[in-house]
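# Secondary and tertiary structure notes
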Amino acid sequence: MRRLGWIYLIAIFTFIFLPVIVLVLFSFQDSRLPVPPFDGPTLKWYVQVINDRSMMEALRNSAFVAFTSAAIALLLGFLAAQGLSRVILPGSVLMRGLLIAPMTVSYLIIALGLLTVFNNLGIRPSLWATGVGHVVINLPLCFAILFAAMGDHQKNAERAARDLGASELQVVFLISAPMLKPALLAAYFLSVTFSWDEFIIAFLLTRFDVTLPVEIWSMLRSGLSPATNAIGSIVFLVSISLLVLLEITVFRKPKS
Amino acid sequence: MTLEHEERRRAFGFVAPALIWTCAFFLIPFAVMALLSLAHLEGRAIIQSYDLGNYIKIFTEPSFFKSIVVSLEITLTVTVLSVLLAWPLAWIIATQVPPHYQRLAIMLAVLPFWTSYVVRSYAWALVLGQNGVVMQGLIGIGLLDEPIQIMATRTATVIGFVHFFVMLLTLTIYSNLIQLSPNYARAAADLGASGWQTLRHVILPLTLPGIMTGAFLTFVLCIGDYITPQILGGNNELTMPQLIMLQLGRRGDFPMASALSVVLMAIVTLAYAATARWLKMERV
C-alpha cells in the first residue's frame, strides 16, 4: 500500500511537471526546433525575445491592463461587499446573485456579448475594451473573497469608529480596508493573474494593441520555436516570483 | 426608523457601482446577444427576424449538433479523469505529509498552474508531438517502433485539459479534506472499520462538497475553452467554442455565434442545477 502510494506520487508529479520541464529545458535549445535531442544550452532565444519590439509592447500592454482592471475590480468589489455585508437590503440575495453570475459564464460568451454591443455602438476594439471585459470577470471574484472575509468583529469596529465621529470615508479606508488587508491583497493578486493570462477576451476585443497571450498565440501560428519556450519561461518565472513574494510577505503565519 | 432608512440608502450607494458595471457590461450584452440569436444573416447584413432558425439548425444539422456531443463527451471525460487522479493526491498531501510541509507540498503540486494558459497548451504540443519527448522516450526504451499520432486528436485535448484540472481539483478537495475533524476516522476505527472501509464509507462521502465544487468548475471552464482544443485537438472535430469562433471568423455570422453561445450557457445552467445541492455557494 505504501509503495503503491509512492509510485502514484511519482507518476502524478511527472505528469504535472513534464510540460513545464520540457518548456524551460528547450528554451535553451541551440537548434531551431524545441524537440529532443537537447543540444544547448544557449541564451540566444531569450536575447531574441527581449529584443522583439512587438513582444515587449505586448508585455507592457498586458501589465497595464492587468494592474488597472484588477484595481477597478477590487474597488468595485470591495465597496459592494461593504454595502451588502452591513445591512440586509431588499433584494440582497438577488444583488449577490447578479454580482456572482459572471463567474459561471464562459469568458468566450462574455467576450462575444461585449463585442456585439461595442460593434453596435461603433466602439472599436482596443486595450480599453479588453480592460472593461477583465473587470467583468474579476469583479465577482473580488466581491466573493471580500464578502466572505467580512465578519462581525469588523462590523463592530466600524460601528465604534462611527460612534467616535469618523466620517464614512474614514471608516471605509482607515478601519475596514486595513482590517481586510490579506483578503484585499489576495483578491488583487488573483485578479492581476487572471487578467494577465486571459486570452479570449483580449483576442476578440483588441486589434493592434494586443496583450501578451494574444501575441504568443500569433507566434504559435508560425510553428514550434524555442523563442516561444523562452517567452513562456519568462512569464512563468515572473509569476512564480510574485507568488513567492506574496507568500513570504502577506500570508506568512506569525510563529507561535 | 429614519436612521435605518439612511443606513440602507448608504449601503445601496456602496453596491450601486458594481451593480451598474455588471448590468452594463454583462447583463445587457447577454440580453443583446440573446436577441441577436433570433436574427439571421443575408449576405453580410443581419436581419432581425425573431425566429428560431439558428436553433433549429443547431439541433438538426449534424455538423452543428455534433459539436455539442463532442464538447459534452470531452468535458465529461475530463471531469471524471481529473477527479480520479486528483483525489488520491489531495488525500496523500492532507494525511501523509507532515502538517508543517503541507503548504509547500500543495504549492508544489499546483506550480505549473502559474504558467500562461496558452503556453501550457503549447508545451503539451511539444511533449506529445511526433518528435516530442514522450514518443522519443518510448521509442528509446523500445516500447514503440515508430511514433503514434496523438497530437491533433481528442486524446491530446483530454491530456491537456486533465493536466490543468487535476491541479484545480487537488486544491478544492484538499481544502475540503483538511477541514474534516480527525475524530471521524477515529470513531470509524473504534467501531471496527478497516482503513479501507473508513476511507470508502466515511472520508470519501464527506469530501463530496469539495469534489462537486471542483467538478462543476472543471465542467464550466472546460466546456467553454477554446485554446486547448484549438492547439492540441486540431480541426478534425470541433468543440462548441471552436465552432463559435469559426462562425465569427469565417463570415461574421454573429447571430449563429450568439445562438451557439446561448445553447452553451443553457448546458452550463443545467450542470449547475444538477450539482447545486452539493455546491457550497450559499456562502458567497
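Structure shown above.
Overview of the structure. (Residues numbered from 1 in each chain as written. Chains lettered and ligands numbered in written order. Predicted model: local features only at pLDDT ≥ 70, side-chain atom pairs only at ≥ 80, totals over all residues. Heavy atoms only, no water.)

## Here we look at the overall build of chain B
Looking only at helices and strands, one finds 13 helices and two strands in chain B. Computed over its C-alpha atoms, the radius of gyration of chain B comes to 24 Å, more than 25% above the 19 Å expected for a compact globule of 284 residues. Taken along its principal axes, the extent of the C-alpha atoms in chain B is 80 × 70 × 30 Å. Put simply, chain B has 284 residues, and 49% of those count as buried. Within chain B, contacts between residues at least 6 apart in sequence are counted, and of these 69% link residues at least 24 apart. Per element, the accessible surface of chain B, about 13,700 Å² overall, is 67% carbon and sulfur. (Helix = DSSP H or I, 4+ residues; strand = E, 2+ residues; numbered from the N terminus. Rg over C-alpha atoms; globule rule 2.2 N^0.38 Å. Buried < 20%, exposed > 50% of the residue type's maximum accessible area, 1.4 Å probe, protein only. Contact = heavy atoms within 4.5 Å. Areas by Shrake-Rupley, 256 points an atom, 1.4 Å probe, with all protein chains shown as cover.)

## Overview of the overall build of chain A
Each helix and strand counted, chain A has twelve helices and zero strands in total. Considered along the principal axes of its C-alpha atoms, chain A spans approximately 70 × 60 × 35 Å. For chain A, with 256 residues in total, the buried portion stands at 54%. Here the analysis covers contacts within chain A between residues at least 6 apart in sequence; of these, 72% occur between residues at least 24 apart. Within the structure as shown, chain A displays about 12,400 Å² of accessible surface, and the carbon and sulfur contribution to it stands at 69%. Side-chain charges of chain A comprise 18 positive and 13 negative groups, with the mean position of each set lying 6 Å from the other. (Lys, Arg positive; Asp, Glu negative; His and termini not counted. Charge placed at Lys NZ, Arg CZ, Asp CG, Glu CD.)

## Details of the pattern of salt bridges
Residues and elements named next belong to chain B. Following the criterion strictly, the structure yields eight salt bridges over all chains and no others. Glu6 is paired through a salt bridge with Arg10; the nearest N and O atoms lie 3.8 Å apart. Pair noted here: Glu6 and Arg10 are both in helix H1 (residues 2-36), with a separation of four residues, about one helical turn. (Salt bridge = Lys/Arg side-chain N within 4 Å of Asp/Glu carboxyl O.)

## Quick notes on the environment of Val78(B)
Residue and element names in this part refer to chain B. Relative to the helices and strands, Val78 is located in helix H3 (residues 62-95). In sequence terms Val78 and Ile223 are 145 residues apart; their C-alpha atoms lie 9.9 Å from each other. Ignoring sequence-local partners within four residues, the contact set of Val78 consists of Val158, Phe161, Val162, Phe165, Thr218 and Cys222.

## Concerning a nonpolar patch on the surface
A surface patch of nonpolar side chains, amounting to about 250 Å² of accessible area, comprises Ile21(A), Leu25(A) and Phe38(A). If you trace the backbone, Ile21(A) turns up in helix H1 (residues 2-25). (Patch = residues over 30% accessible without salt bridge, like charges linked within 9 Å, V, L, I, M, F, W, Y side chains within 5 Å.)

## What about the packing of aromatic side chains?
Taken as a whole and assessed by the stated rule, the structure comprises 19 aromatic pairs over all chains. Plain terms: the ring middles of Phe13(A) and Phe17(A) are 6.2 Å apart, the flat faces sit at 15° to each other, and that makes the pair stacked. With Phe13(A) and Phe17(A) both in helix H1 and four residues apart, this pair spans about one turn of that helix. Residue Phe17(A) is classed as buried on the basis of its relative accessible area, which comes to 17%. Taken together, the ring pairs connect Phe189(A), Phe113(B), Trp114(B), Tyr117(B), Phe161(B), Phe164(B) and Phe165(B) into an aromatic cluster. (Phe/Tyr/Trp six-rings, centres within 6.5 Å; stacked < 30°, edge-to-face > 60°.)

## A look at the interface of chain A and chain B
Counting residues at the interface gives 85 residues for chain A, matched by 75 residues for chain B. A buried area of about 7,200 Å², summed over both sides, lies between chain A and chain B, and 82% of it is on carbon and sulfur atoms. Scanning the region where chain A abuts chain B turns up one salt bridge. For Glu168(A), the salt bridge goes to Arg10(B), with nearest N and O atoms at 2.9 Å. Per-element accounting of the side of chain A that touches chain B gives the leading share, 14 residues, to H1(A). Tallied by class, the residues present in the side of chain A that touches chain B amount to 63 nonpolar, 15 polar and seven charged. (Buried area = accessible area lost by both parts, 1.4 Å probe. Nonpolar A, V, L, I, M, F, W, Y, C, P; charged D, E, K, R; others polar.)

## Some remarks on the state of the cysteines
Here a disulfide denotes a covalent bond joining the sulfur atom of one cysteine to the sulfur atom of another. Under the definition given, this model contains zero disulfides over all chains. Here Cys23(B) stays free of any disulfide, with the sulfur of Cys142(A) as its closest cysteine sulfur at 18 Å. Residue Cys23(B) is classed as partly exposed on the basis of its relative accessible area, which comes to 27%. (Disulfide = S-S within 2.5 Å.)

## Looking at helix H4 (residues 99-109) of chain B
The set of residues buried in H4(B) consists of Gln102(B), Ala105(B), Ile106(B) and Ala109(B). Buried residues in H4(B), looked at end-on, bunch into an arc of 95°, giving them a common side. Opposite its buried face, H4(B) presents the exposed residues His100(B) and Leu104(B), each directed more than 90 degrees away. Summarising the contacts, the buried residues of H4(B) are in contact with H1 of chain A together with H3 and helix H7 (154-177) of chain B. (Arc of directions from axis to C-beta.)

## Some words on the side chain of Ser82(B)
All names here are of chain B. Along the polypeptide, Ser82 turns up in helix H3. For Ser82, a relative accessible area of 0% gives the class buried. Leaving out residues up to four positions away in the same chain, Ser82 has contacts with Val162, Phe165, Val166 and Leu169.

## Remarks on the environment of Tyr55(B)
All names here are of chain B. Considering the arrangement of structural elements, one finds Tyr55 in helix H2 (residues 53-60). By relative accessible area, which is 16% here, Tyr55 ends up buried. Note: C-alpha distance between Tyr55 and Ser37 (18 residues apart in sequence) is 8.2 Å. A distance of 2.6 Å separates polar atoms of two side chains, one belonging to Tyr55 and the other to Ser37. (Polar contact = N/O pair within 3.5 Å; in protein donor to acceptor, adjacent residues only side chain to side chain.)

## Here's the deal with the side chain of Thr42(A)
All names here are of chain A. Among the secondary structure elements, Thr42 is positioned in the loop between H1 and helix H2 (44-50). In this structure Thr42 comes out as buried when scored by relative accessible area, which is 15%. There is a polar contact of 3.0 Å between the side chain of Thr42 and the backbone nitrogen of Lys44. If near-sequence neighbours (up to four positions away) are discounted, Thr42 is found in contact with Ser27, Phe28, Gln29 and Asp30.

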